[in-house]
Every structure is written in C-alpha cells, then in structure tokens.
There are 2 protein chains.
Amino acid sequence: MNLSASISGLPCGQQMPYLQLLNKEQIELLQRNSNVVSYNKKDIVFRQNTRTSHIMLMVSGLVKIFKEGRSERTVLLRLATPGEYIGMMSVMGDQIHQYSATAVELADICFIDINAYRNVLMENGKFSLQLMNLISKDGLFIFNRLMNQTHKQLPGRIADVLLYFAEQIYKQPHFDLPLTRRELAELAGTTKESFIRTLTEFKNDKIIYLDGSRVEIISMDIVKTLSELG
Amino acid sequence: MNLSASISGLPCGQQMPYLQLLNKEQIELLQRNSNVVSYNKKDIVFRQNTRTSHIMLMVSGLVKIFKEGRSERTVLLRLATPGEYIGMMSVMGDQIHQYSATAVELADICFIDINAYRNVLMENGKFSLQLMNLISKDGLFIFNRLMNQTHKQLPGRIADVLLYFAEQIYKQPHFDLPLTRRELAELAGTTKESFIRTLTEFKNDKIIYLDGSRVEIISMDIVKTLSELG
DNA sequence: CTATTGAGATGATATATATCATCTCGCTTT
DNA sequence: AAAGCGAGATGATATATATCATCTCAATAG
C-alpha cells in the first residue's frame, strides 16, 4: 500500500450497491469493519499477484484496472467509478489479485474486512444473489471488451474507447480524457503511435473535435457505426 | 432446443459441485426440479441472445462454448467437461445468453430449474459462496485466454491450445483433437490456414507428432516455452 | 536559466498473418 | 459409379499495424 495514501475514519456511506437489502445489524457489522483510504493520482491500490486482503469499493475518484505482462505489455481492462467494487472477481476467485489497480485521479476507496463481508453474504441470500449478479455482469463486460479487441480492427477499437468514455464514464459526448495516449492505447489494445494516428484521422474526418485531452464527439452516428462494423 | 435431443428421467447424480454442502431437502428439491437431456454431436444446446431458462450442468460428453459475431467471425471460448456449469455467468448476469453452446460429442446435460436453484442459494450461504467462487474462476479463466489471444503471437497461441487439451481437457500429452482445424483456429483466435501452417511447423520441428487429429506432444518443455514467450 | 525528460505527433519501413487460389482426399449424395 | 462437397494442406500475395526514427513542445529538475 502506498505511503501517500491516508486513512480516514469515515464509513463507506451510501456507495455500497444493494445496501437496502441489508438489515441494521449487517450494516453496522460492515461499518465497524471498514475504513476509507485516499489515494493520490498514480498511487498503486493493489498489485497483480499479491494476495487479496479486503473487499474494495470505490467511494470517489477514478481507478484503472490493468493486467501487466512481462516486457511492458500491459492491458488496461477498465476504469472503476464510484459505487463499483474493484478486484471482486479475484477476491471471490482464487484470492490472488489477477490484475493491478492504480488511481487515475484522487480516489477514496472503502476497504471492508473480507470475513465480515462473507458473514453478511452467508446470512443474507438476497444480497448474495445480487453480488453474484454484479460479478457476472462485470465478467461479461470485460469479456466483451476483450472480444472486441481480438476481433475488431483499429478504427472500431478506437471508436469503442470513445464510446466507453462518452457512455459509461462521463455519460456525455464532450469530455476530457483522463489518460495519456499510451494508456488509451492500452485500453484499445494497440500502440501509442497507432492510437494517435487513428484518433488524428477521426479528427481530420471531422468525426470528433480534438485538442489535447479534450474530446467532443461531433458525429455520434459515425462513431457508433465504426464500432459496429469493426 | 434441438429435436434430436432426448429427455431422460435420470437425476443429475454426483456431478454437481459442492453437493456435500447441501442438506437432504435441498438435494431433493433440486432433483425434483431437474432432468437430464442428451445431445448428439453438433446439436445446439443454447443460442446466443436467447433468454436463459435453466441452470445447466455437464453430466457427460463435451460441449463447445462460443461467441458468434456477424460475418462468420466466431470465437471459441472454451470446452465444457463433466461437472462444469455452462452459461452460468449469463444466467446470473443479465439473463440473456451471451454466447452459444453446441455438443462436440454425445453429451448429457442436467437442466435445473432456476427458481429452485436460487432458493437453495438463498438459504445456503456456504453453497452460495462456493458458486461465487466458481463463477469468478470461470471469469478469470476466459479472461486469461482472451488476453493471451490479444497479446501473444501465433506460435504462442497455438502452444496454448495444445496445452489446453493436454492439461485441462485430457490431462495427458497424447490425445485426439475433438475439433476441426477451423474450430481449433477459432480457439486460437486465428484462421484455419494460419493454424494449419503453424501446427505443421511444430510437426516439422519435431515438437509434436501429428497425424490427422492425433497429437502427441514430444517436447512439453518447448511447447511451454513457446506459450510463455508468446 | 539552461538542461533534461516525457508526451504527443508524424513519416518510413518491417513483418506477421489474413486472404485468395488451388489441389488432394475421403465421404456423402444421387 | 459419378458427382459434389467439405476438411486438410500449401503457395502466392496483400495489408493492417507494429516498430523505429525523428521532431516539437511543455513541464520538471538541477
């Protein structure tokens, strides 16, 4: 855990999904066994191949989840936003983190003791089923992203990245990219150079407005078509 | 559901994972609400984009799970063997099958009523946690496969396919491939031609013995090295 | 205040692998 | 028995994108 991360006594508050399915005792149990940790930009939250220690829930900020391979090859799987669990699949799977996470911007993350959480799961079937639903959806999502990477070519993948920010992260067609070109390339499954080139083409073709990290999608239709045609 | 599939009255028997965590009533509830269906080679078990209807558990045989894209592009995700659930992530996720499944060889599959199964999950926390563990592992597995496809080049991916059969499916270095070259290519994320070429190179380099569908891995070390180097 | 570093950008070139075109062989169909 | 068909195999060619090489510019460091 990074030294610059600071521990605050705040409870996890309202960010936990399906909180309404828990009773008072269960909520209190979780709150007694959780605390919020703040991470500065670029701080490491957890590292691939380390043991899982807590359930982690995003309270605020933005965190990138990525898989690091030998020799620089890293794949950016997704960005996590407030209200999302991170590393849940590894916690529930084989207890070893299968990917790493670092803060993209100032982020507060709620750490919940695994045993307390498991106890709640054990005695609350509805909550448990909903968590299963979340894990499954999360799996299917990353899944689709990787499938697209494998079988779409560049323009389609770049379009996917733009749609990801517009639809999933910022929920509007104008936004500032929170990542470097290199990271964006890792998200699209390509190289920095190829990413830049293709994005520049989009700009020249007036599909998007582009200035530094500022992006404005001019023709959402064309972006969607590019994504669909692959 | 395919016409040539025949329904037998047999219960799912001993194939269900973590059966020992269930009590007598729970086992009986599941057995009353399940039946085994047989599928012949090439029969469709379920089709992508259809609604999920049952929990499905492999009793015997071999089934391929794949994603079909427009224009022939299909990706073979994995093969399912006895004791494995199929389509579980979709059932627990958004209730729409995200991929298709067909029998590769004669297969018996146990269909369990979703509601009965959910009831058991709701009242049995330990069983529920184990299922979460299975779903998570399944997700992590397919992840790794797709990641490898995205970031390894051909020889590494072909080596992965050989290791998949040797280690996961048949658990021995000599086996008969149950799939056509085209399907194997879909499993490796490449084309039939490229797959054949690379496999032939392996043969010429005496890394494997190859005759039709018969494969014998001569140098497991080299195959593993190829897989690791990507 | 100069020097260094890293991000962004763009052109030239290399290369892995897809695509296209055949050919054979065994099997099913008529 | 002839004809058609799909799987496997192999060569020739095309092409998307990675790689390598520069250049600029702004930010950070000494």
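Residues numbered from 1 in each chain as written. Chains lettered and ligands numbered in written order. Predicted model: local features only at pLDDT ≥ 70, side-chain atom pairs only at ≥ 80, totals over all residues. Heavy atoms only, no water.

Chemist: What is the right way to read the overall build of chain A from this model?
Modeler: Of regular secondary structure, chain A possesses eight helices and ten strands. Taken over C-alpha atoms, the radius of gyration comes to 19 Å for chain A, in line with the 17 Å a tight globule of 230 residues would show. When the accessible surface of chain A is split by element, carbon and sulfur atoms take 48% of a total near 10,600 Å². Looking at chain A, you have 26 positive and 24 negative side-chain charges, and the mean spots of the two groups are 3 Å apart. (Helix = DSSP H or I, 4+ residues; strand = E, 2+ residues; numbered from the N terminus. Rg over C-alpha atoms; globule rule 2.2 N^0.38 Å. Areas by Shrake-Rupley, 256 points an atom, 1.4 Å probe, with all protein chains shown as cover. Lys, Arg positive; Asp, Glu negative; His and termini not counted. Charge placed at Lys NZ, Arg CZ, Asp CG, Glu CD.)

Chemist: Teacher, can you tell me more about the pairing of strand β9 (residues 208-211) of chain A here?
Modeler: Two faces belong to every sheet, and in a regular strand the side chains alternate between them. Residue and element names in this part refer to chain A. The alternating pattern of β9 places Ile-208 and Leu-210 on a buried face and Tyr-209 and Asp-211 on a face that is not buried. As paired strands, β9 and strand β10 (residues 214-217) are joined by four bridges and run antiparallel to one another. The partner of Ile-208 across the bridge, within β10, is Ile-217. In sequence, β9 turns back onto β10 through a hairpin of two residues, with Gly-212 there showing a positive phi of about 65°. (Buried < 20%, exposed > 50% of the residue type's maximum accessible area, 1.4 Å probe, protein only. Pairing = 2+ DSSP bridges.)

Chemist: What am I meant to see in helix α7 (residues 192-204) of chain A here?
Modeler: All names here are of chain A. Under the 1.5 Å per step criterion, the end-to-end length of α7 is 18 Å for 13 residues, consistent within 8% with the ideal 18 Å. The complete set of buried residues in α7 reads Phe-195, Thr-198, Leu-199 and Phe-202. All buried residues of α7 lie within an arc of 100° about the axis, which places them on one face of the element. Summarising the geometry of α7, the exposed residues directed more than 90 degrees from the buried face are Arg-197 and Asn-204. (Expected span 1.5 Å × (residues − 1). Arc of directions from axis to C-beta.)

Chemist: What is the right way to read the relation of the copies chain A and chain B from this model?
Modeler: Related by rotation about an axis and a shift along that axis, the two copies of the chain form a pair. When chain A is fitted to chain B, the residual RMSD is 0.0 Å, and the transformation amounts to a turn of 180° plus an axial shift of 0.0 Å. Here the copies are linked by what is in effect a two-fold axis. (Least-squares fit on C-alpha atoms with pLDDT ≥ 70 in both.)

Chemist: For this particular structure, what's the right way to read the environment of Asp138(A)?
Modeler: Residue and element names in this part refer to chain A. If you trace the backbone, Asp-138 turns up in helix α4 (residues 125-151). Sequence separation between Asp-138 and Glu-84 is 54 residues, and the spatial gap between their C-alpha atoms is 9.7 Å. In contact with Asp-138, not counting residues within four places along its chain, are Arg-78 and Met-89. (Contact = heavy atoms within 4.5 Å.)

Chemist: Got a minute to help me understand the pattern of salt bridges in this structure?
Modeler: Should their charged atoms come close, side chains of opposite charge can pair. All names here are of chain A. Tallying each qualifying case throughout the model produces 16 salt bridges over all chains. Two residues, Asp-138 and Arg-78, come together in a salt bridge whose shortest N-O distance is 3.5 Å. Of this pair, Asp-138 sits in helix α4 while Arg-78 is found in strand β5 (residues 74-80), placing the two residues 60 residues apart along the sequence. When salt bridges with common partners are traced through the structure, they connect Arg-78, Glu-84 and Asp-138 into a single cluster. (Salt bridge = Lys/Arg side-chain N within 4 Å of Asp/Glu carboxyl O.)

Chemist: How do you make sense of the packing of helix α5 (residues 154-169) of chain B against helix α7 (residues 192-204) of chain B when you look at a structure like this?
Modeler: Helix packing for two helices is described by the angle between their axes and how far apart those axes are. Residue and element names in this part refer to chain B. As a packed pair, α5 and α7 sit with axes 10 Å apart at the nearest point and diverge in direction by 80°. The orientation of α5 relative to α7 falls into the category roughly perpendicular. Where α5 approaches α7, its residues Leu-154, Pro-155, Ile-158, Ala-159, Val-161 and Leu-162 are matched on the opposing element by Ser-194, Phe-195, Thr-198, Leu-199 and Phe-202. (Axes fitted to C-alpha atoms, helices over the stretch in contact; angles between N-to-C directions. Parallel < 35°, antiparallel > 145°, perpendicular 65-115°, else oblique.)

Chemist: Just checking my understanding: could you explain the pairing of strand β7 (residues 100-113) of chain A for this structure?
Modeler: Residue and element names in this part refer to chain A. Of all the 14 residues making up β7, ten are buried; the element is thus mostly covered by neighbouring parts of the structure. Bridging between strand β3 (residues 44-46) and β7 involves two bridges; their strand directions are antiparallel. Pairing of Ile-44 across the sheet is with Thr-102, part of β7. Pairing analysis gives eleven bridges linking strand β4 (residues 54-68) to β7, with the strands arranged antiparallel. Opposite Met-58, over in β7, you have Ile-109 as the bridge partner.

Chemist: Teacher, can you tell me more about the protein's contact with DNA strand D here?
Modeler: Taken together, 13 residues form the shell around DNA strand D, and within it Gln153(A), Leu154(A), Thr190(A), Ser194(A) and Arg181(B) come nearest. Looking at DNA strand D alone, sugar and phosphate atoms form 60% of those within 4 Å of the protein. Between a phosphate oxygen of DNA strand D and a side-chain N or O atom of Thr190(A), the distance comes to 2.6 Å. In the model, a phosphate oxygen of DNA strand D is placed 2.8 Å from a nitrogen or oxygen of the Arg181(B) main chain. Among the elements that take part in the surface near DNA strand D, α7(B) stands out by supplying four residues, more than any other. Tallied by class, residues from the surface near DNA strand D come to two nonpolar, six polar and five charged. (Near = heavy atom within 4 Å. Polar contact = N/O pair within 3.5 Å; in protein donor to acceptor, adjacent residues only side chain to side chain. Nonpolar A, V, L, I, M, F, W, Y, C, P; charged D, E, K, R; others polar.)

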